Amino acid sequence: MAVEIPALVKPSRLRSRGGLLGECLAEFLGTFVLISFGCGVVAMAVAALPGSGRAESPTTIFLAAGDWLLITWGWAMAVMLGVYVAGGISGAHLNPAVTLAMAIRRGFSWAKVLPYWFAQVVGALTGAALVYLVYHNAISAYDQAAPGPKVNGHTNATFSIFATFPAPYFHGGVWGPLIDQIVGTAFLLMLIAAVIDLRNQAVKANLGPLVVGLVVAAIGMSYGANAGYAINPARDFGPRLFTYAAGWDGLAFPGSVAGAYSGYWWIPIVGPLIGGAIGILIYDLFIGDVLLVRAQQSELPPPGRSTPVRTSDEE
């Protein structure tokens, strides 16, 4: 038997949530969940497991490939949970690159783009703040035990709990990490477009969020090490804002480590926005347009076979 759930807010105040405000609140909460679990799993791997005596030493991280799998699967579940939370209200973009792509090719209102972006960034910042609240003791213990350059007592390792940075083999270059973010986010939007396309082999029984989470896991396993696979401007920018306020300073903005990289903060923003647009355009060019043509045909051929040629007698 269905149970009627009463509203927590008075009906006179609740009506305003029926439109854009309600959608932005859903984007905020969904992104908050995404970052709370996503950054939370990195905090476990970087600071909590070593500091709690469950690693080889108080500063041992990424000793084996399994450590990276912990993070990729954690982020996959974080995305899945965030989409389940917000999907019924806002469509669960949870990512400015998704919002932009939907505006470019899926009829999403351009008037909603900036409000969605704002809600996503604030949700990400708040999620990062929660992770810090829960794990600040572990983070502090790691920073105290770790050697090497520090900013206000913080290390780049603990900064990586919240935001991303490029691998040393890029030698501070811009193009490698930028291309990495474009490619990763292009795959993300291409595959999201496939998952939600009802004309294609759309996911049934509300399993879409699970499949999108698996997409994120696949991207992390295949393209994650280059630059931390942000593939989401809000996921990086919101926590980066928090860490700047919390004392990581130059590690967050402009995103610099002496002798390694400098001014990195804009790459996880610009790269995903470009990549998302490219990804959905590629899907529509190679798949979406074909599905559209087939839907317009009165006789649909089996997959892999061409439409039968009609003779003059048949016409």
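This one's a predicted model, so the numbers in the text were calculated from it and none came from an experiment.

Description of the layout of surface pockets
If you add up the space inside the second largest pocket, you get close to 280 Å³. Lining the second largest pocket are 15 residues, and of these Pro149, Lys150, Thr155, Asn156 and Val257 sit closest to its centre. When the residues that make up the lining of the second largest pocket are grouped by side-chain class, the tally is nine nonpolar, five polar and one charged.

Comments concerning the side chain of threonine 243
Turning to its location among the elements, threonine 243 is positioned in helix α9 (residues 233-248). Classification of threonine 243 as buried rests on a relative accessible area of 0%. Excluding residues within four positions of it along the chain, threonine 243 makes contact with Phe159, Phe162, Trp248, Asp249 and Ala252.

What about the UniProt feature "transmembrane region" (unreviewed entry) in the protein?
Taken from the UniProt record, the annotation "transmembrane region" (unreviewed entry) applies to residues 20-48, 68-92, 113-135, 178-198, 210-231 and 264-286. Each end of residues 210-231 is marked by a C-alpha atom, and these two atoms are 18 Å apart; helix forms 64% of the span and strand 0%. As annotated, residues 264-286 comprises 87% helix and 0% strand, and the C-alpha atoms at either end are separated by 33 Å.

A word on the packing of helix α4 (residues 96-105) against helix α5 (residues 113-145)
Helix-helix packing is described using two parameters, namely the angle between the two axes and the distance between the axes. At a minimum axis distance of 9 Å, the contact between α4 and α5 shows a crossing angle of 165 degrees. As judged from the angle between their axes, α4 and α5 are roughly antiparallel. The crossing of α4 and α5 is right-handed. Contact with α4, carried on its side by Pro96, Thr99, Leu100 and Ala103, involves Val113, Tyr116, Trp117 and Gln120 of α5 and no other residues of that element.

Let's talk about unusual backbone geometry
Between phenylalanine 253 and the following residue, proline 254, the backbone shows a cis peptide bond with an omega angle of 10 degrees. Tracing the chain through its elements places proline 254 in the loop between α9 and α10 (267-296). Of note, the phi angle at isoleucine 231 is positive, near 40 degrees, even though the residue is not glycine. Inspection of the secondary structure puts isoleucine 231 in the loop between α8 (208-223) and α9.

A look at the nonpolar core
Grouped together as the largest cluster of nonpolar side chains are 59 residues, with contacts concentrated most on Trp75, Ile161 and Leu188. A per-element tally of this core places helix α2 (residues 20-51) first, with twelve residues. Residues contacting isoleucine 161, with those up to four places away along its chain left out, are Cys39, Val42, Ala43, Val46, Ala47, Val131 and Ile139. Counting six residues, the second-largest nonpolar core is a separate cluster that includes Leu178, Ala227, Tyr264 and Ile267.

As for the pattern of salt bridges
Opposite charge on two side chains allows them to pair when their charged atoms are near. The full count for this structure, using the stated rule, is five salt bridges. Across the pair aspartate 197 and arginine 199 runs a salt bridge, and its minimum N-O distance is 3.0 Å. Taking relative accessible area as the criterion, aspartate 197 reaches 8% and is therefore assigned buried. We classify arginine 199 as partly exposed; its relative accessible area is 41%. Residues arginine 240 and aspartate 236 are paired through a salt bridge, measuring 2.8 Å at the closest nitrogen-oxygen approach. Within this pair, arginine 240 and its partner aspartate 236 are both found in helix α9, separated by four residues, close to a single helical turn. The network of salt bridges with common partners includes Arg105, Arg106 and Asp284.

Reading the values: rules and limits
Residues numbered from 1 in each chain as written. Predicted model: local features only at pLDDT ≥ 70, side-chain atom pairs only at ≥ 80, totals over all residues. Heavy atoms only, no water. 1 Å grid on protein atoms, 1.4 Å probe; cavity = no way out; pocket = protein on both sides within 12 Å on 5 of 7 lines; lining within 4 Å. Points joined across faces, edges and corners; volume = space filled by probe spheres on them. Nonpolar A, V, L, I, M, F, W, Y, C, P; charged D, E, K, R; others polar. Helix = DSSP H or I, 4+ residues; strand = E, 2+ residues; numbered from the N terminus. Buried < 20%, exposed > 50% of the residue type's maximum accessible area, 1.4 Å probe, protein only. Contact = heavy atoms within 4.5 Å. UniProt positions renumbered as here; feature names shortened; annotations may be inferred. Axes fitted to C-alpha atoms, helices over the stretch in contact; angles between N-to-C directions. Parallel < 35°, antiparallel > 145°, perpendicular 65-115°, else oblique. Left-handed = near helix turned anticlockwise from the far one by under 90°. Core = buried A, V, L, I, M, F, W, Y, C linked by side-chain atoms within 4.5 Å. Salt bridge = Lys/Arg side-chain N within 4 Å of Asp/Glu carboxyl O.

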